[in-house]
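# Residue-level structure breakdown
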Amino acid sequence: MGVKRFAVGCFDNEDVLFPAVKKVRKAGYKIHDVYTPMPIHGLDAAMGLRDTSLHTAGFIYGISGTTTALTCISWVFTIDWPLNIGGKPHFALPAWIPITFELTVLFSAVGMVLTFCYLCQLAPFVKKHHFHPRATDDLFVMVVELTPKSNESEVIGFLQNAGAIETKIEEAETGWWLGRYDKDKRPFESPNVISVQ
Amino acid sequence: MSGSQIQFHMAVRYESQTRDPLVIGDKDYHQITEDIVRPIEANPSRLWWVGFLISVGLLCFGIFAVYEEVVYGTGQWNLNKTVGWGWDITNFVWWVGIGHAGTLISAILLLFRQGWRTGVNRAAEAMTIFAVMCAGQFPIFHMGRVWMAFFVLPYPNTRGPLWSNFNSPLLWDVFAISTYFTVSLLFWYSGLLPDLATVRDRAKLKWRKLMYGVLSFGWSGSTKHWQRHEALSLVLAGLSTPLVLSVHTIVSFDFATSVIPGWHTTIFPPYFVAGAVFSGFAMVQSLLIITRRVLGLQEYITINHIDVMNKIIVLTGSIVGVAYLTELFIAWYGQNGYESYAFFHNRADIFSPYGWSYYLMMGCNVLSPQIFWFKKMRRNITVTFFMSVIVNVGMWFERFVIIVTSIYRDYLPSSWSTYYSPTIWEVGFYLGTFGLFFTCFFLFAKFFPVIAVAEIKHILKKSGENYKAKMGHEETESAEAFYAEAQGAHH
């Protein structure tokens, strides 16, 4: 993943951000991402992102938990070691419901969290580029990808017009790498701010 | 942007004025971060150190008490031939019960779209995890030869392979408690990721940047990540809802599937779950009343939050009361000599050796919460704190009554003479779990945001006091005018 150039526009109000996202997309600019301090319902749809399939993954993990529990217990109690417990049936399905249920939930939850971390590429010691330190505090940071043909000042102007309170051009690598955040620059200092409206 | 479009977005967030605001004061997003994160950036107060050191002291005493038990066996605990389950299993059920409020708040109230959960869910979930950690210690060390504890795990072994008994409620418990702990931990930590990133990005010290950088897994706040995060939270909530009900149901099976008079009761599962929620909310109240005061978070954990939780306490306390009376009625109506003896001689007879504990349980759990029918009492911090302690004392005695009064007189009257009372090591183990619980909680309150920052920001523009005040005029408008305005804005 190479280094690319981005135009960054910061908004302080999600009510301004929504129309701005629509405008920027309509104008044909490519939104790389919008970084927000909290979930904004509907923003994914406004950006044209498809819905996540994480639920489906959770369901598949869940039924694999159910199957694991039922096959393992029935194999153990009917084939491998049919233990006589007070003369009760070896295939005692009702008594297996609790463990089957627990394993369903366990597989589904653990599987989903791991899938979530994999899809979002989240793990300890993972480091990602930050376009603005306040993106986890109070700013909604819209990042527009630039091509060599882009007119940078035009994009910046467009973002300002759409209501961005702070804009800048930044070169960044957008993937992740192993790293630590203590090497980061001091917080709340952004030296390359182009303009503050 | 156009002004009308902004108006439209504000209008769709409208919430009735009759609902109390969930965030008090003139807040904006940055102020929320400041208010919640500042306490963990400041040096701990003297009070924190005192509390923390007392907790660590208790923990050390607990470890020593456990050492005594491991070396000399469960005889150290005064367990005898009929009372094989004493304080230890009482404490186990008590702690597991307390561990139910967190998941209830974060999962069930999420599914029911209860906005007020955002103020208390993070701390309640932390409490759940610590409480389950404490609970787990008791059955493990009650095994006696604790180094054999891995025998409960079903894996292909060289002892046959001899498998664990999948038909036994005690094994169901192993699965239920460990699943509950794992899922609660995942739910809690995945919710923490964005907030840890917030702390990381405002950290001014190198070690803080490093620590929160590692803990936040490189969270960036990307919209796609939030979308997946929301999906994850919703499904985890959906999974945790039946899970939280199943856990105490399975704990109640430990008793209900036996043939001991007093335990052999079909009412146990719902009765245990209600009791668990009851004691869990009481513990949340005790902790949060202190936390909000010490960390100055009264504007986020408002008197309204306390009021709502007290309503749940009076509801679940009354359910528990109905369960007690139903049990008593069935013991009489069922005409089973052993059952009625257990209830009317071992428990309800105040002059029987443990009769006092039955009335203590009734008084604390059934009578005293009725005070919360009065709004004035529900909104009184001192009364609430006092009541939350009373409820937890009562709930401890409930488990004590269920366990000890059912087994101290067994079918063989010659073994009745033994009066079970705990030793210092048994009490010490219990105190030790308090040490563990509070050590964890003090560390949590020092290093983690005790309120879900991102979630509070999410509800701010709907339920924040200043934003609600601005919406007041919407109530005087006609629906047609509102619709026309929204339509106009949309096009």
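From a predicted model like this one, the values you see are computed outputs, not experimental measurements.

## What to know about the overall build of chain A
For chain A, the count of helices and strands is 5 helices and 7 strands. In sequence order, the secondary structure elements of chain A are arranged as β-α-β-α-α-α-β-β-α-β-β-β. Taken against the 2.2 N^0.38 rule, which gives 16 Å for 197 residues, the C-alpha radius of gyration of chain A at 25 Å runs more than 25% over that of a compact globule. Each principal axis of the C-alpha atoms in chain A carries an extent, and together these give about 85 × 35 × 30 Å.

## What about the interface of chain B and chain A?
Taken together, the contact pairs 64 residues of chain B with 64 residues of chain A. Every element with two or more residues in the side of chain B that touches chain A is listed here: helix 1 (3-12), helix 2 (29-41), helix 7 (169-202), helix 8 (206-215), helix 9 (223-256) and helix 17 (453-463) of chain B. In terms of residue count, helix 9 of chain B provides more of the side of chain B that touches chain A than any other element does, 16 residues in total. Counted by class, the side of chain B that touches chain A contains 30 nonpolar, 23 polar and 11 charged residues.

## Things to note about the domain arrangement of chain A
Here the domain parsing of chain A yields domain 1 (3-51 + 124-196) and domain 2 (54-120). Centre-to-centre, using C-alpha coordinates, domain 1 of chain A lies 44 Å away from domain 2 of chain A.

## Focus on the environment of E230(B)
Within the secondary structure, E230(B) sits in helix 9. Residues E230(B) and G337(B), 107 residues apart in the sequence, show an inter-C-alpha distance of 55 Å.

## Digging into helix 2 of chain B
All names here are of chain B. Counted at 1.5 Å a residue, the expected span for helix 2 with its 13 residues is 18 Å, and the 18 Å between its end C-alpha atoms agrees. Of the residues making up helix 2, those classed as buried are Y29, I32, T33, D35 and I36. Turning to helix 2, the residues buried within the fold contact helix 7 and helix 17.

## What about helix 8 of chain B?
Residues and elements named next belong to chain B. Among all positions in helix 8, only K209, Y212 and G213 are buried. When helix 8 is viewed along its axis, its buried side chains cluster within an angular range of 110° and face the same direction. Where helix 8 is buried, its residues meet helix 7. One or two residues past the end of helix 8 sits F217, with phi positive at roughly 60°.

## Topic: the confidence of the model for chain B
The predicted model of chain B averages 88 in pLDDT, with 96% of residues at 70 or higher. For this predicted complex, the interface score ipTM comes out at 0.89, while the overall pTM is 0.91.

## Examining the packing of helix 6 (residues 117-142) of chain B against helix 7 of chain B
All names here are of chain B. Two elements in contact, helix 6 and helix 7, have axes whose closest approach is 10 Å; the angle formed by their N-to-C orientations is 150°. Considering the angle they form, helix 6 stands roughly antiparallel to helix 7. For the element pair helix 6 and helix 7, the recorded crossing hand is left-handed. Between helix 6 and helix 7, the residues in contact are R122, E125, A126, T128, I129, V132, A135 and G136 and I177, Y180, F181, S184, L185, F187, W188 and G191, respectively. Classifying every residue of the contact of helix 6 with helix 7 gives 10 nonpolar, 4 polar and 2 charged.

## Re the nonpolar core
Of all hydrophobic cores here, the largest spans 150 residues; its most connected members are M127(B) and V284(B). Looking at which element gives the most residues to this core, the answer is helix 7 of chain B, with 15 residues. Each of domain 1 (3-51 + 124-196) and domain 2 (54-120) of chain A gives at least three residues to this core. Once residues lying within four places of it in the same chain are set aside, the contact partners of M127(B) are G102(B), M283(B), V284(B), L287(B) and F441(B). In this structure, V8(A), Y35(A), M142(A) and L146(A) belong to the second largest nonpolar core, which totals 28 residues.

Here is what the cut-offs are and how they apply
- Residues numbered from 1 in each chain as written.
- Chains lettered and ligands numbered in written order.
- Predicted model: local features only at pLDDT ≥ 70, side-chain atom pairs only at ≥ 80, totals over all residues.
- Helix = DSSP H or I, 4+ residues; strand = E, 2+ residues; numbered from the N terminus.
- Rg over C-alpha atoms; globule rule 2.2 N^0.38 Å.
- Contact = placed C-beta atoms within 7 Å.
- Nonpolar A, V, L, I, M, F, W, Y, C, P; charged D, E, K, R; others polar.
- Domains from an automatic or database assignment.
- Expected span 1.5 Å × (residues − 1).
- Buried ≥ 20, exposed ≤ 12 C-beta atoms within 10 Å, placed from the backbone.
- Arc of directions from axis to C-beta.
- pLDDT = per-residue confidence, 0-100.
- Axes fitted to C-alpha atoms, helices over the stretch in contact; angles between N-to-C directions.
- Parallel < 35°, antiparallel > 145°, perpendicular 65-115°, else oblique.
- Left-handed = near helix turned anticlockwise from the far one by under 90°.
- Core = buried A, V, L, I, M, F, W, Y, C linked by C-beta atoms within 7 Å.

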